[in-house]
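# Geometric and topological summary
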Amino acid sequence: MRPAWVSFSSETNATFATITKTRYNKFAGKLAGKKGRCKNNMKNDPVLADIRQDAESLPSILEQVGFRFGNKGVHTSRTIMLGELSLLLHECAENATRDEYIAAIVNSNCLGKRTAATRKLSSKRMRELYGLDPALPIFRVLRYCWYADEKGRPLLALLSAMARDPLLRVTSLPILRLQPGEELARQQMIDVLRESTGNRLNDSTLDKVVRNAASSWTKSGHLRGRVRKIRQTVEPTPVVTAFALLLGYLLGVRGADLFKTLWTRVLDTSPAELISLAMDAKRLGFLDISYFGGMIEVSLDRMLTEYERKLIRESN
């Protein structure tokens, strides 16, 4: 199996590179000078612990590559919308544009919504969750991995949604503390959400977030059961592992630390096993990894355009 992007023509790749560069420049103009002004990020956001940053000094490149921060999230009203994402990516071509994704939802009604209003709202929520824009590396690579790895789709969707929904990221804390076979107590999730959001969410909204987040973690395979949610372990594929490593890489994590991030912890797999899966991903053409003398070097450049690689180098 080859990565999906390997089969694209040079013309298609050049088109993506042009779109990406144009939109990056636009984003850079909007975000210039915003480092140090992010006052409303979610307290206890686990991503901040990974990159050893406080909420007031996040590099603007993180939003440019597709991450979202703040004190809001889609899980006040939706889950990770795994079924909707599956329908959308099945409906659209592998090299679809942002406008084509929106048209498929709103005009063609590929999600089967009853009214124009719900179609437009679904489009908005899916863009908030996934970006739906090939100019965003996180979405573009998600899309390529999606077509290459059917088995890994639930975990791919979860990882991507976590990158863009701060509320979902915060709920990972009680999920990852559970041992296999343990039941998720509703209060555990309420407590971490209350601590992270303060009084911004009322009790009714908190209940919605808890229900939606529990459903999302069930869709990803971390929980089972309709009423009682029981923790179980997930089994990542090499492609899922590559995507998780890419998320850490985009955040500036390097070397062995890539196997200890939020994204890899969500995979319920030891660092040693993840290294083995990364070796398999290398054989599939997703990344490069070398392991010698206890030192690990990982390069995710294969999944990035030349312009993205340059942008990341300049930001470090």
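In the block above lies the structure referred to throughout.
The following refers to the structure shown.

### What to know about the overall build of the chain
On a plain count of helices and strands, the chain comes out with 15 helices and four strands. Burial analysis of the chain (316 residues in total) assigns 52% to the buried set. At a minimum sequence separation of 6, the contacts of the chain that also span at least 24 residues come to 68%. Of the roughly 14,400 Å² that the chain leaves accessible, carbon and sulfur atoms contribute 47%.

### Some thoughts on helix H10 (residues 186–197)
The end-to-end C-alpha distance of H10 is 17 Å, a good match for the 16 Å that twelve residues give at a rise of 1.5 Å each. Taken as a whole, H10 has its buried residues at Met189, Ile190, Val192, Leu193, Ser196 and Thr197. Elements that come into contact with the buried residues of H10 comprise helix H9 (166–177) and helix H11 (203–219).

### Topic: the pattern of salt bridges
Pairing is possible between side chains that carry opposite charge, provided their charged atoms lie close to one another. The full count for this structure, using the stated rule, is eleven salt bridges. In this structure, Asp45 and Arg169 form a salt bridge, with 2.7 Å as the shortest nitrogen-oxygen distance. Of this pair, Asp45 sits in the loop between helix H1 (10–31) and helix H2 (46–51) while Arg169 sits in helix H9, placing them 124 residues apart in sequence. Both residues of the pair, Asp45 and Arg169, count as buried. For Glu183, the salt bridge identified is with Arg228, shortest N-O distance 3.1 Å. Of the two residues, Glu183 is situated in the loop between H9 and H10 and Arg228 in the loop between strand E1 (223–224) and strand E2 (230–231); the sequence distance between them amounts to 45 residues.

### Observations concerning the packing of H9 against H10
The description of two packed helices rests on the angle between their axes and on the distance between the axes. Relative to each other, H9 and H10 sit at 135 degrees, their axes nearing to 9 Å. Put simply, H9 runs oblique to H10. Taken as a pair, H9 and H10 cross one another with a handedness that is right-handed. On H10, the residues that touch Leu167, Val170, Thr171, Leu173, Pro174 and Ile175 of H9 are Gln188, Met189, Val192, Leu193, Ser196 and Thr197.

### Observations regarding the packing of aromatic side chains
Under the defined criterion, the tally for this structure stands at three aromatic pairs. Aromatic side chains Phe67 and Phe69 sit 6.5 Å apart centroid to centroid with 35 degrees between the ring planes, which places their arrangement in the tilted category. With respect to class, Phe67 is no different from Phe69; both count as buried. With a centroid separation of 6.0 Å and an interplanar angle of 45 degrees, the aromatic rings of Phe67 and Trp263 are classed as tilted. With Phe67 in the loop between helix H3 (61–65) and helix H4 (82–91) and Trp263 in helix H13 (residues 262–265), this pair connects stretches of sequence that are 196 residues apart. Looking at Trp263, the relative accessible area reads 0%, which means it is buried. The residue whose ring lies beneath Arg254 is Tyr249, and the NZ or CZ to ring-centre distance is 3.7 Å.

Criteria and cut-off values
The residue numbers shown here count from 1 along each chain, following its written sequence. Local features in this predicted model are restricted to residues of pLDDT 70 or higher, and side-chain atom pairs are both shown and tallied only at a pLDDT of 80 or more, whereas totals for entire chains, interfaces and linings draw on every residue. Processing note: side-chain calculations cover all non-hydrogen atoms of the structure and skip hydrogens and water entirely. A run of DSSP states H or I qualifies as a helix once it reaches four residues; a run of E qualifies as a strand once it reaches two. Both are numbered from the N-terminal end. Summary of the burial criterion: residues with accessible area below 20% of their type's maximum are buried, those above 50% are exposed, and those between are partly exposed, where the area comes from a 1.4 Å probe applied to protein chains only. Should any heavy atoms of two residues lie within 4.5 Å, those residues are counted as being in contact. All accessibility values rest on the Shrake-Rupley procedure with a 1.4 Å probe; residue burial counts only the protein chains present in the view. By this rule the span expected of a helix is its residue count minus one, scaled by 1.5 Å. Counted as salt bridges are all cases of a side-chain nitrogen of Lys or Arg within 4 Å of a carboxyl oxygen of Asp or Glu. Whenever a helix is involved, its axis is fitted only over the stretch in contact; in every case the axis is a line through C-alpha atoms, and angles between N-to-C directions fall within 0 to 180 degrees. We call two directions roughly parallel when the angle between them is under 35 degrees, roughly antiparallel when it is over 145, roughly perpendicular when it lies between 65 and 115, and oblique otherwise. Handedness of each helix crossing follows the sense of rotation of the near helix against the far helix: counterclockwise by less than a right angle gives left-handed, clockwise gives right-handed. When two rings of Phe, Tyr or Trp (its six-membered ring) have centres within 6.5 Å they constitute a pair, described as stacked for plane angles under 30 degrees, edge-to-face for angles over 60, and tilted for the intermediate range. For a lysine, the NZ atom is tested; for an arginine, the CZ atom; a charge sits over a ring if that atom is within 6 Å of the ring centre and within 35 degrees of the ring normal.

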